[in-house]
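Fold and geometry: a report
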Amino acid sequence: MITQEKYRTTVKELLASDSVKMVIGYKPGSTPDRRRPLFIRSSDDADQLVLDSTCITNLSGYLVAEGLLSDEKRVGIFLRPEGIRSINILAAEYQLNMDQIVIFGFDSTGREVRPLEGRHSKDFSALLSDIKENSPQISKEPLLESIERMNEQERFDFWQEEFSRCIKCYACRQACPMCYCRRCIVDSNQPQWVNTSSHTLGNFEWNVVRAFHLSGRCVQCGNCDRACPVNIPLRLINQRMAEMVLEGFDHFAGLSPTQEPVLASFKKDDTETFIL
Amino acid sequence: MSEQQFEPNIIAFVCTYCTYAGADLAGTSRLKYAPNVRIVRLPCTGRISPMFILKALQKGADGVLVSGCHPGDCHFTHGNYHARRRWMVFRSLLEFTGISPERVKYSWISAAEGSKFADLINSVTEDIRKLGPFDQYQQMIKDAQSPATL
């Protein structure tokens, strides 16, 4: 509550002084434990802002909405550490100018919300490095571990079973801050790379392609997982790929706005064992 | 022969400067190799999107081979380094989703390695033949061709 009040006051001041043109935050949703995005342009609306442990959606995707940042005015946004990593990646991929972003950082343990010090992405670099250092110690999800213990056929069957429910609504793509392509590969039909019918083949291809495009970019904010109407555990694939790039290339996505994207860079001594 | 041997369909994506030239050398040297491979020539391994591999499987390939210049020898100086990273990521992704990594092979073959090309095609064909037809994928292709169930 104290954090929420503190941020309401800050937001009011910033909007009143015109140092930001808009603030993206959370407001109450359809049930007590749901929140929906809030976009405020005037300081009078700041009282609608809600900040508590149920604010879990990563809002950073709204920043790349067409035209929002093109007037070079600043925009404020409420972000958890994952969200800060997302906007670092967006900046590294030249999707936004970090100087236009005012960050209201927060994090929560249990029901307790605490503010994160800083307003600019560079203020959080120490925090993000800590998260990187601690990431190998975080215990894995039991389901991910059990998939890794499966043999090939069992893994294939597991994912076929999961993907068979996919209805190709592309909610995962819409919810993902990293999926900002004007024209997604599934929407291109000359040539048609991915089978668009929601048969297992097309579902499999779609989910593999999305996971590949998110490799080394996903910050595991969980937006796709929560958006999926048929509860496919998409986070597991993305987690696995994040582990892979961390182990293989020591790459932790979103550490800084100048970090090189892992698949757009290379080391001459990248070590593999499978090329004949 | 009472039982016919399984002849796998293998698609090879190769770069034009090294592996394709290597394949050419194998041909002009009159080296014999398995006829199961269909070669698709591309400017560089850096041009080979993982989508190509999925597309080949989608069209019924039993195996895929991707091959280009040795590290350091790329005509475009570092196309193959980019490709290598991409393959490492893509390979572990396929593994995690249950596609056997044995179905998709990668190699470096230079323009001078005509005999390596011939040997590799023979061994890859043998390996894929041992694995048999890619039934898991064929089943998916079949499902995709039948009308959707509501």
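For the structure, see preceding data.
Everything in this summary refers to the structure shown in the same document. Positions within a chain are numbered from 1, following the residues in the order the chain's sequence is written. Here chains are named by letter from A upward and ligands by number from 1 upward, in the order in which they appear as written. Reporting of local features is limited, given that this is a predicted model, to residues whose pLDDT is at least 70; pairs of side-chain atoms are given and counted only at 80 or more, and all residues count toward the totals for whole chains, interfaces and linings. Side-chain metrics in this entry use all non-hydrogen atoms of the structure; hydrogen atoms and water are not considered.

Helix and strand content of chain B: 5 helices and 4 strands. Starting at the N terminus and walking to the C terminus, you meet the elements of chain B as β-α-β-α-β-α-β-α-α. Note on method: radius of gyration uses C-alpha positions; expected globular size equals 2.2 Å times residues raised to 0.38. Against the compact-globule benchmark of 15 Å for 150 residues, chain B has a radius of gyration of 16 Å, which places it among compact chains. Expressed along its principal axes, the backbone C-alpha trace of chain B runs to roughly 50 × 40 × 25 Å. Labels follow the DSSP assignment, with helices taken as runs of H or I lasting at least four residues and strands as runs of E lasting at least two, numbered in each case from the N terminus.

Secondary structure assignment for chain A yields 9 helices and 5 strands. Traced from its N-terminal end to its C-terminal end, chain A shows the element sequence α-β-β-β-α-β-β-α-α-α-α-α-α-α. Relative to the compact-globule value of 19 Å for 276 residues, chain A shows a C-alpha radius of gyration of 20 Å, a close match. The dimensions of chain A, computed from C-alpha atoms along their principal axes, are 60 × 40 × 40 Å. Each residue gets one of three labels from its accessible area relative to the maximum for its type: buried under 20%, exposed over 50%, partly exposed in between, using a 1.4 Å probe on protein chains only. Expressed as a percentage of its 276 residues, the buried residues of chain A come to 52%. Sequence separation of 24 or more characterises 65% of the internal contacts of chain A that already satisfy a separation of 6 or more. Accessible surface area values rest on a Shrake-Rupley calculation with a 1.4 Å probe, where residue burial reflects the displayed protein chains alone. Of the accessible surface of chain A, which amounts to about 13,500 Å², a share of 49% is contributed by carbon and sulfur atoms. Only heavy atoms enter the contact rule, under which two residues are in contact if any of them lie within 4.5 Å.

This next bit is on the environment of G114 of chain B. All names here are of chain B. Position of G114 relative to the elements: it lies in helix α4 (residues 114–131). Using a relative accessible area of 2% as the deciding quantity, one classes G114 as buried. In this structure, the C-alpha to C-alpha distance between G114 and L25, residues 89 residues apart in sequence, is 4.9 Å. Beyond its immediate chain neighbours, meaning those up to four positions away, G114 contacts G22, L25, A26 and L31.

Moving on: the sheet that holds strand β4 (residues 104–108) of chain B. Residues and elements named next belong to chain B. We treat two strands as partners when DSSP finds at least two bridges between them. Here 4 strands make up an open sheet; going across it, the order is β2-β1-β3-β4 and the pairing parallel. Of all the strands in the sheet, just β2 (37–42) and β4 have a single pairing partner and so form its edges. Ignoring strand direction, the axes of neighbouring strands in this sheet form an average angle of 20°. Sheet topology note: the strand β1 (residues 10–15)/β2 ladder contains 6 bridges and is parallel. Fitting a line to C-alpha atoms yields each axis, with helices limited to the stretch in contact; the angle taken between N-to-C directions then spans 0 to 180 degrees.

Moving on, we come to the interface of chain A and chain B. Contacts between the two partners involve 45 residues from chain A, matched on the other side by 41 residues from chain B. In this assembly, chain A packs against chain B so that about 4,200 Å² is buried in total across both faces, 72% of it on carbon and sulfur atoms. Salt bridges are counted wherever a side-chain nitrogen of Lys or Arg sits within 4 Å of a carboxyl oxygen of Asp or Glu. Summed over the shared surface of chain A and chain B, the result is 0 salt bridges. For the purposes of these results, a polar contact is taken to be a pair of N or O atoms within 3.5 Å, where, inside protein, one atom must be able to donate a hydrogen and its partner to accept one; residues adjacent in sequence count only when each atom of the pair is a side-chain atom. At the junction of chain A and chain B, the tally comes to 14 residue pairs in polar contact (both at pLDDT 80 or more). Listing elements by their share of the side of chain A that touches chain B, those giving two or more residues are α4 (142–149), α5 (152–163), α7 (200–214) and α9 (234–249) of chain A. Simply put, the buried area is the total loss of 1.4 Å probe accessible area from both parts when two parts are fitted together.

Take unusual backbone geometry next. Residues and elements named next belong to chain A. The amide bond that connects Q190 to the next residue, P191, takes the cis arrangement and shows omega of 0°. Inspection of the secondary structure puts P191 in the loop between α6 (171–175) and α7. With a phi angle near 65°, D18 is a residue other than glycine that sits in the positive phi range. With respect to the element layout, D18 can be found in the loop between α1 (2–16) and β1 (22–28). A positive phi angle, near 60°, is found at Y170, a position not held by glycine. Structurally, Y170 can be placed in the loop between α5 and α6.

Moving on, we come to the side chain of T3 of chain A. Residues and elements named next belong to chain A. Checked against the element boundaries, T3 lands in helix α1. Take T3: its relative accessible area is 10%, and that puts it in the buried class. When near neighbours in sequence (up to four residues on either side) are disregarded, T3 contacts L51, V113, R114 and P115.

Successive residues of a regular strand alternate their side chains across the two faces of the sheet. All names here are of chain B. With 6 of 6 residues buried, strand β3 (residues 63–68) lies mostly within the body of the structure. Residues G63, L65 and S67 line one face of β3 and the alternating positions V64, V66 and G68 line the opposite face, and both faces are buried. With 5 bridges joining them, β1 and β3 adopt parallel strand pairing. Its bridge partner lying in β3, A12 is registered against L65. Bridge count for β3 against β4 is 5 bridges, and the pairing is parallel.

The next subject is the packing of α7 of chain A against helix α3 (residues 79–96) of chain B. Relative orientation of the contacting elements α7 of chain A and α3 of chain B amounts to 140°, with a least axis distance of 10 Å. Considering their axes alone, α7 of chain A and α3 of chain B lie oblique with respect to each other. Crossing angle aside, the handedness with which α7 of chain A passes α3 of chain B is right-handed. Only R86, V89, F90 and L93 of chain B of α3 of chain B make contact with α7 of chain A, whose side of the interface consists of V208, A211 and F212 of chain A. Residue polarity follows a fixed list, in which Ala, Val, Leu, Ile, Met, Phe, Trp, Tyr, Cys and Pro are nonpolar, Asp, Glu, Lys and Arg are charged, and the others, Gly among them, are polar. A per-class count over the contact of α7 of chain A with α3 of chain B returns 6 nonpolar, no polar and 1 charged. Should an angle fall under 35 degrees it is called roughly parallel, over 145 degrees roughly antiparallel, and 65 to 115 degrees roughly perpendicular, with every other angle called oblique. Definitions for this section: a left-handed crossing has its near helix turned counterclockwise from the far helix by less than a right angle. A right-handed crossing has that turn clockwise.

This next bit is on the environment of V245 of chain A. Its place among the elements puts V245 of chain A in helix α9. With 30 residues separating them along the chain, V245 of chain A and I275 of chain A place their C-alpha atoms 18 Å apart. Those residues in contact with V245 of chain A, other than ones at most four positions away along the chain, are G216, D250, H251 and V262 of chain A together with V89 of chain B.

Any two side chains of opposite charge can pair if their charged atoms end up close together. By the definition in use, this model includes 19 salt bridges over all chains. Residues D187 of chain A and R173 of chain A are paired through a salt bridge, measuring 3.1 Å at the closest nitrogen-oxygen approach. Of this pair, D187 of chain A sits in the loop between α6 and α7 while R173 of chain A sits in helix α6, and the two are 14 residues apart along the sequence. On the basis of relative accessible area, D187 of chain A is assigned to the partly exposed category, the value being 36%. Among the salt bridges present, the one from D127 of chain B reaches K105 of chain B, with a minimum N-O distance of 3.1 Å.

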